[in-house]
Every structure is written in C-alpha cells, then in structure tokens.
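# Working through the structure, step by step
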Amino acid sequence: MARKDLLDIASLHREEIEFLLDQSTSFKKLFTRSVKKIPALEGKSVLMLFYEASTRTHSSFEVAAKRLSAEVTNFDVDHSSITKGESVRETIETLQAMRTDYIVVRHGHSGLPGMIARQTTASVINAGDGAHEHPTQALLDAFTIKEKFPDPRGKKVLIIGDILHSRVARSTSTLLQKLGVEVAYLGPGSLVPKYGPATIPRFTDYQAAMAWTPDIVYLLRVQMERQDVQFFPNVREYHRVYGITNSRLAEIRDRGLYIMHPGPVNRGVELCDAVMDYERSLITNQVENGISIRMAVLDWLTPGGNFRGRNRMPRGSEPTQR
Amino acid sequence: MLFLQNARIASENSPVLLESDVLIVEGIIQDIGSNLAIPKGARVIDARGRVLMPAMFDAHVHFRAPGFENKETITTGSEAAINGGITGVVMMPNTRPALDSATSVATVLDNAKRKARIPVYTSGCVTKDRQGKELAEIEGMRTLGVKMLTDDGDTTSDPAVLLRAMQYATEFGMFFASHCEVPELAGPRALNEGVMSYRLGIKGSPTCAEEIIIDRDIRLARAAGAHVHIQHVSSKLGMETIRWWKSRGDVKVTAEVAPHHLMFTDEHIGDYDTNYKMNPPLRTQADCDALLEGLIEGVFDLIATDHAPHTPFEKAQDFVTAPNGITGLDTALVSLYHHFVEPGKFGWDLVVKRYSAEPRRLMGLPVPTIEVGQQAECVLFDTEAETTFTREFMKSKSQNTPFIDQTLKGRVDLVILGPEILLER
Ligand SMILES: [Zn+2]
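Note that the structure is a prediction, hence the values are computed from the model and not measured.

## So, the UniProt feature "binding site: substrate" (unreviewed entry) in chain B
Residue and element names in this part refer to chain B. According to UniProt, the "binding site: substrate" (unreviewed entry) feature falls on His 62, Phe 63, Arg 64, Asn 94, Asn 279 and His 310. Mapped onto the elements, His 62 comes out in the loop between β6 (56–61) and α1 (74–83). Overall, His 62 belongs to the buried group, its relative accessible area being 5%. Those residues in contact with His 62 that lie beyond four places of it in its chain are Glu 72, Met 92, Asn 94, Asp 152, Asp 306, His 307, Ala 308 and Pro 309. One polar contact links His 62 to Asp 152, side chain to side chain, over a distance of 3.1 Å. The residue His 310 is located in the loop between β13 (302–303) and α11 (312–315) in this model. Other than its neighbours up to four places away in sequence, His 310 contacts Arg 64, Lys 71, Lys 315, Pro 323, Asn 324, Gly 325, Ser 398 and Asn 400.

Now the structure itself:
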C-alpha cells in the first residue's frame, strides 16, 4: 500500500495514517539505543529543497533521513539559478536529471510539490506549501496526541490563531478529523475564514471557545510575514485577545488541558513565557516526534513507484512544445 | 455561385429553424426558398440537417500583438476565430506597447488589414499605458475608428480619472468597457474566494471585488452620461447589479458574459489545473446558474470569449505563478452548442442574437442576416457531428483551454464571408 509521494493529508486513507503512526512508534524506540542508525535507506539519496527557510523542519527531515542511513543533499536554493529567473519547470527537469530518490520540498506556492511529484520519479514529500498543507506536521501532531490519548476519538482540539494562512491548521485538522478527533477554530474574525469545513466550529471569542471544553489547545504561530494586509492591529492586542496569558494559563492548568504549538514560538504573542514550564505542554514532544514520523514516512514511500509522468501536467506542456 | 440545399436557417428573431435552399452569388444571398432550381454552374452543398446562421462576432479577444507574439499573433488569432465560426473581433489594448495612442492603434490596424482574413477591430486604452493616471490619446484613436475604451486586464482604479475620461470621450461617441475588480480585494491570484480557495490554500478573490466596480462604473457612467459596457461578469450579484441598473433605465449599460463562466466552477480547478485559471475567476454553480439566467433574460447583451492565449511554458508553471486566461475562439460555438443548445437550455435564436447580432450592434456595425440581398456572412453548423479539440485542430497559437482533447457535440463545417469561403470541413 506504499505510495510514491506524500503531498497532503486530504488524500490519505485512515489505514495509511494508522500504519504511519504505528511505524513511528517503532522508530521512536530506536532513539533510546546507543546506535540510533538503521540501514533501511542505505544507498538512497534525499534532496532537501527548501525555498522557505525553516531550521526546524529542515533539520528534522535531515536527522530522520540520516538515521535511516540515507545520503542527504541540500539543494542550495539561494545560490541556484532559481533566483536568476529560471523557471520552476526547468528546475524540476534538473532535479529529475539528478535521479535523486527523495525530494523534500518546501515552497511558498500552494500546489508546487504536487507539480514536482508529477514530473519526477523521486518520491516527493511536501514539507509545507503555501497555505495549503504540511502533512508531516499533521502526522507528528497526531502521534503526539496519541501518546497522551491512545484512543483519541471524541477528544477535542481547539486550534487558535491565523487559520486563514495556516497549512498546519489545514493538515492537522483534516488528519485529526480522520481519527475521530473533534476540532474547533479560534482566532480574529479576519483570520478565521467563514468558508472552512462545515464540520469545524469557528469561534472568535476565547470564552465561547473554552466553553466548547477542549482537551488540547493548539496555538498556531502568528506569521506576520504571510500577511499582505493587516489582519489585526498589533501583537500586544493579539496576545490580550487570543494569546495564552498568565491568567488563561491558570485556567488551562486548572482544567488539565494540554498545550501544543508547531514552533517556533513567538513568546509573548501566542504564549506567555510561563507556558514553557507548563507540565502539560507537549511542544518539545512534538519536536522529538517529528523525527520518528519523518523516518516512518521516508521508509514508507517508494521512489519510482506509481510515477504518473507528464500525463498529469497541464496540456501543451510537453518539452517539444517549447 | 454556391447553392446550399436544405439548410435549417437560424435567425435572432425566431426560435424556429426554417428549412430552405440558399443561393449565394458573388458573396450576395441571391435567393432563399424551398425546392429552388439549381442554377447551372453552381456548386451544390447538401446542407440537410445542418444549421445555417449569421457568423459570430467576438467583442473581447486578446491577440497579444504587439509585444507577445509568442502567445498569439493577429494571423493565428483570426484563424482561431474563423475555426470557431467567428468573422469579426475586437481586440483588447493590453499589448506592449499598450494601444493608447493613434500611432500604436494605426500600426495594429494596418497589420490586421494585411494579416487577417476577417475584420479585426481594436479597442483603445482609457489611460496612458493602462496606468490609470493620465488619459490616453482618446480623440486620436477615434479618428482611426476606435469606439471602445478600456484598460481591460485592470480596472481604471481612480474613479475621478475614469469620470473625466467618460465626460471627455462621450462627446466623441465612444463608450467604455469595464474590467471590474478592486485589486486590493482580489489579490494577485485568480481564484474565487470560497471553499475551494480555502482547500487549495490560495488567497481568493471575493465576488464583492467585482460587484463594487460594476456598481461604481455604472454610477460614473450615469454621472457622465456615458455608455458603459461591463465585461466578463462572473458573479450572481454582479449580474443582479446590472439587472437593477438596467431596470432603472436612466443610464446606458450593456454587458457581456464569457462561455467559460457559464460552464465551469472553481471545483474544476481540482488539483491546481492552470487551464482553469482566469480572471475574473471561475465561481460557484450558483453563479453559473445566475449568469445563464441573465444571458437568457437579456441582462447580458452578448457573449464574448475573453480569448486569452498563453504559451504552454507559462501555463505549465504552478497555479500561483501561471498567468490568468484561457483561449476561447476555437471552441466557443461548439461548446455553447454542446452545453446549452443541445440540452435545450436555450435556442439558436439566442446564440445568433447574443453572439452575432448584439456584439456588432455594440460596435455600431451592420448585422448580417440570412436574407435575400444581404452579403453572405454565415456559418454552416452540423449539429450531429462532433469536434475533438486536439492540439492540431486548434488554430490559436496557444492551447490553454480546458477543452483540449475533449470531444463535444457539434461542428463548424463552413464559414463564408462575402465571396470567400474562409473555412470548409
Ligand atoms: Zn478583463
């Protein structure tokens, strides 16, 4: 049941998700051994193609690939011809010529990893595309939740923040719903789109959202850089209205709720400093689990398999036409 | 001498197709009637079962010349028109250089005369280089026959600039065509704001971006006593806004709708298919339904394709980067037949009225009819045959259309313009 690519959560079947979460459990057991490396991907090459900077996701994939004994290459986006106006299409042809087995790609444009996947034999892993999807983040979130709630069905996760621009919100809520977890959104009216999935309650008021009785509050990173216009007046006001302030942390502690965040945290914006010492914060668990989940994904995908070739490209794109 | 035997004749005035023989001599319709004697030396075409109609006219095309001849030229564009049963077009002025002066318009029209087998008209810019700031050389362009002024591709942002232009140009008998979109609301990506834009993670353009400018530009036209033509309307509320203004009757408004906005929704974009990326974007089924209603009712005076060619290379980029627009000329008539006439949503009379007669009236041109004494400017259309829109079939230089490799019902068999047969299948 292996696939060539991991591009989104939306198209994953529940059994595939369960399989990846189980595999991640096995891989995580390796972490306590003195030799953490296994030869699963020996002789395979993984190309890291990050058009957007991301130390966290980048190094997590790199560590995962190396623990599976793969060879990791960084495609230096900044100094490549991409910045000299070479089209993505030409870059893809270059990548295909390199015959790499895996491409881990992050790009600001939604849908771009899928486009690469359709034109290369490599297994493409979407490490975040625009405001579309971030599937491995969703998987590691689910894995982290299952460590606390082995049967998460009926549990409630409140996702707080910039829903509109967040690929994490999309992927994670899609996946959690597939596992029977209830999801709700909370954020400024300008950042919680009214046309999101009908099955997800949307709150703009913190008290109302807490009355929904979540088990986990999941804070999204406020990404000012994604906002082409102002969506709220300033971060101080954001923190006051939607952030986990000291007094809200007290309430969360009283209720025994877990806190999650995909990182990196804007301290004093999404979360007050005290959250860092909160015993039910799962933020470092998420980071740790990112590695085993990515190992599971790399191990699961089959490069060269199900290669759909150029037939899924927009018509008229054959090289002879150029 | 051409003798079309047993053709079913369509006109804008009657939903009934009358079967007749038609005799064309030296480009003029000489006789119409049943069981006419075949004159000696006439070439006889058995037209039984096929529809003979006045040829179409497209009031909104992009031929990309000058400046983007890699996408389309006046020659390839006009051949695509003929291929689709169209014998006249109005080009949009968003070329490079933009058509904002008598000099640039003169060059284009001169080219068109030499390189196209059909009349090619052009609109002119409202503002210099379509920047929305200084007025274009309006009267200079008028002397060359330009009637339509538009900054198509963009809205003329500053209402004061547009109002002045309207006040000025109306004196010369010119009218305005409006591309309606508030850029600050629409964002750079051509995708409807809604469930689909959320799912794909791309900033969408809300329909209010269109509604606001439709309303604004009609109000400006009313204030200036100008005629405004609303281009490629995509939304239900946009249609209703025009309907309301038309019902008041105190401002001259016309409007057009593009075939693709009647046929496709944002759902068709599916897995980021750039052949469905256009501006204004594809909306929802409710919008499609309302646009069809508006077309039948007459809120939309005419159909125009917004034929917008782009190279395969450009369209093969990811959805966010790829340019907006699809080609429409090769496919327009067949797709309208397939989607609407064949299933009985509207009749041939509506096709003739909205895609042949009204666009010519908008441009102040004579309207061809299938009547004795008229110049033959007509299309013979086979309703039983099919057309497969292969790459080889298309005459446009670009093939960025969702119809590529699709087979639709209907076929343009013959295109006649005066003494010339422009196309014969
Ligand atoms: Zn336009």
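## Notes on the pattern of salt bridges
Counting across every chain of the model gives 37 salt bridges over all chains. Here Lys 146 of chain A and Glu 18 of chain A are joined by a salt bridge, their closest N and O atoms 3.2 Å apart. You can see Lys 146 of chain A sitting in helix α5 (residues 135–148) and its partner Glu 18 of chain A sitting in helix α1 (residues 14–30), a full 128 residues away along the chain. By relative accessible area, Lys 146 of chain A is classed as partly exposed at 23%. Arg 130 of chain B is the salt-bridge partner of Asp 154 of chain B, the closest N and O atoms lying 3.0 Å from each other. Taken as a pair, Asp 154 of chain B in the loop between β9 (148–149) and α4 (159–170) and Arg 130 of chain B in the loop between β8 (120–122) and α3 (138–142) lie far apart in primary sequence, 24 residues in all. The network of salt bridges with common partners includes Glu 12, Lys 353, Glu 358 and Arg 361 of chain B.

## A closer look at the sheet that holds β6 of chain B
Residue and element names in this part refer to chain B. Within the open sheet, the three strands sit side by side as β6-β7-β8. Their pairing is parallel. Every interior strand has two partners, whereas the edge strands, β6 and β8, have only one. Within the sheet, the average angular offset between the axes of one strand and its neighbour, ignoring direction, is 20°. In this sheet, strand β7 (residues 86–91) lies alongside β6 in parallel orientation, the contact comprising three bridges. Directly across from Asp 58, in β7, lies its bridge partner Val 89.

## A word on the coordination of the zinc ion
Residues and elements named next belong to chain B. The protein atoms that coordinate the zinc ion are Asp 152 (OD), His 179 (ND1) and His 232 (NE2), at distances spanning 1.9 to 2.2 Å. Expressed as a motif, the donor residue spacing for the zinc ion is D-x26-H-x52-H. Of this pair, Asp 152 sits in the loop between β9 and α4 while His 179 sits in the loop between β10 (175–178) and α5 (183–186), and the two are 27 residues apart along the sequence. Judged by its relative accessible area of 4%, His 179 falls in the buried class.

## Quick notes on the packing of helix α3 (residues 88–98) of chain A against helix α4 (residues 112–119) of chain A
Residue and element names in this part refer to chain A. As a packed pair, α3 and α4 sit with axes 10 Å apart at the nearest point and diverge in direction by 45°. One way to sum up the angle between α3 and α4 is to call them oblique. Handedness of the crossing formed by α3 with α4: right-handed. Taken together, the residues of α4 that come into contact with α3 (itself represented by Val 88, Arg 89, Ile 92 and Gln 96) are Leu 112, Met 115, Ile 116 and Gln 119.

## Notes on the packing of aromatic side chains
For the coordinates displayed, the defined rule picks out 17 aromatic pairs over all chains. For the ring pair Tyr 238 of chain A and Tyr 242 of chain A, a centre distance of 5.6 Å and an interplane angle of 45° mean the geometry is tilted. Note that Tyr 238 of chain A and Tyr 242 of chain A are positioned in helix α8 (residues 235–242) at a spacing of four residues, about one turn of the helix. Each member of the pair, Tyr 238 of chain A as well as Tyr 242 of chain A, carries the same accessibility label: buried. The lysine or arginine in question, Arg 67 of chain A, covers the ring of Phe 31 of chain A, its NZ or CZ lying 4.6 Å from the ring centre. Positioned above the aromatic ring of Tyr 198 of chain B is the side chain of Arg 170 of chain A, whose terminal nitrogen or guanidinium carbon lies 4.1 Å from the ring centre.

## Regarding the interface of chain B and chain A
Taken together, the contacts link 26 residues of chain B with 30 residues of chain A. Regarding the contact of chain B and chain A, the summed buried area is about 2300 Å², with carbon and sulfur atoms giving 57% of it. Inspection of the chain B/chain A interface yields one salt bridge. For Arg 118 of chain A, the salt bridge goes to Asp 271 of chain B, with nearest N and O atoms at 2.9 Å. Here chain B is connected to chain A by eight residue pairs in polar contact (both at pLDDT 80 or more). Residue assignment for the side of chain B that touches chain A shows that the elements contributing at least two residues are α6 (195–200) and α11 of chain B. Here the side of chain B that touches chain A takes five residues from α6 of chain B, the largest share from any one element.

How each quantity is defined
- Residues numbered from 1 in each chain as written.
- Chains lettered and ligands numbered in written order.
- Predicted model: local features only at pLDDT ≥ 70, side-chain atom pairs only at ≥ 80, totals over all residues.
- Heavy atoms only, no water.
- UniProt positions renumbered as here; feature names shortened; annotations may be inferred.
- Helix = DSSP H or I, 4+ residues; strand = E, 2+ residues; numbered from the N terminus.
- Buried < 20%, exposed > 50% of the residue type's maximum accessible area, 1.4 Å probe, protein only.
- Contact = heavy atoms within 4.5 Å.
- Polar contact = N/O pair within 3.5 Å; in protein donor to acceptor, adjacent residues only side chain to side chain.
- Salt bridge = Lys/Arg side-chain N within 4 Å of Asp/Glu carboxyl O.
- Pairing = 2+ DSSP bridges.
- Axes fitted to C-alpha atoms, helices over the stretch in contact; angles between N-to-C directions.
- Donors = N, O, S within 2.8 Å, 3.2 Å for Na, K, Ca; no water.
- Parallel < 35°, antiparallel > 145°, perpendicular 65-115°, else oblique.
- Left-handed = near helix turned anticlockwise from the far one by under 90°.
- Phe/Tyr/Trp six-rings, centres within 6.5 Å; stacked < 30°, edge-to-face > 60°.
- Lys NZ or Arg CZ within 6 Å of the ring centre and 35° of its normal.
- Buried area = accessible area lost by both parts, 1.4 Å probe.

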